[in-house]
Amino acid sequence: MGHERELLSSHGFTDNQVTVWKYPSMTKISELFGHTLRVLHMAQSSDGYTVTTAAADETLTLWNVFGNPEQNKPVLKRKLEPFFDMAQIR
């Protein structure tokens, strides 16, 4: 499932959850619970699959929100020779 049409929001009172929404319909897909106080910050990893939240309960949580990048990444065919991708002088 692609995640380019999904949106995350973080919440405080009463459940301190992170919510995943389908965009643009704004249909709630799921809620992630784990913090005991309000979520203050969110950041997404560069691969786009993991989100980190920081909460007022002084915890960081890593959420595997959008799947496993290893399963979704295309397998690259590579030569087994050392330095195969470096330019040759001769």
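Bear in mind that the values here come from a model prediction, so they are computed numbers and not experimental data.

What counts, and where the lines are drawn
Residues numbered from 1 in each chain as written. Predicted model: local features only at pLDDT ≥ 70, side-chain atom pairs only at ≥ 80, totals over all residues. Heavy atoms only, no water. Core = buried A, V, L, I, M, F, W, Y, C linked by side-chain atoms within 4.5 Å. Buried < 20%, exposed > 50% of the residue type's maximum accessible area, 1.4 Å probe, protein only. Contact = heavy atoms within 4.5 Å. Salt bridge = Lys/Arg side-chain N within 4 Å of Asp/Glu carboxyl O. Pairing = 2+ DSSP bridges. Helix = DSSP H or I, 4+ residues; strand = E, 2+ residues; numbered from the N terminus. Axes fitted to C-alpha atoms, helices over the stretch in contact; angles between N-to-C directions.

Caption draft 1: Fine view of the nonpolar core. In terms of nonpolar packing, the biggest core is built from nine residues, these being Leu8, Val18, Val20, Leu32, Val39, Tyr49, Val51, Trp63 and Phe66. Excluding its chain neighbours within four sequence positions, the residues that come into contact with Val39 are Ser10, His11, Asn16, Gln17, Val18, Thr53, Ala54 and Ala55.

Caption draft 2: Structural context of the pattern of salt bridges. Taken as a whole and assessed by the stated rule, the structure comprises one salt bridge. Its salt-bridge partner being Glu31, residue Lys28 comes within 3.4 Å of it at the nearest N-O pair. The partly exposed category is assigned to Glu31, whose relative accessible area is 29%.

Caption draft 3: Examining the sheet that holds strand S1 (residues 6–10) more closely. Across the sheet, which stays open at both edges, the three strands sit in the order S1-S2-S3 with antiparallel pairing between neighbours. Of all the strands in the sheet, the pair left with one neighbour each is S1 and strand S3 (27–32). With direction set aside, neighbouring strand axes in the sheet form an average angle of 25°. Across five bridges, S1 lies against strand S2 (residues 18–22) in antiparallel orientation. The partner of Ser10 across the bridge, within S2, is Val18.

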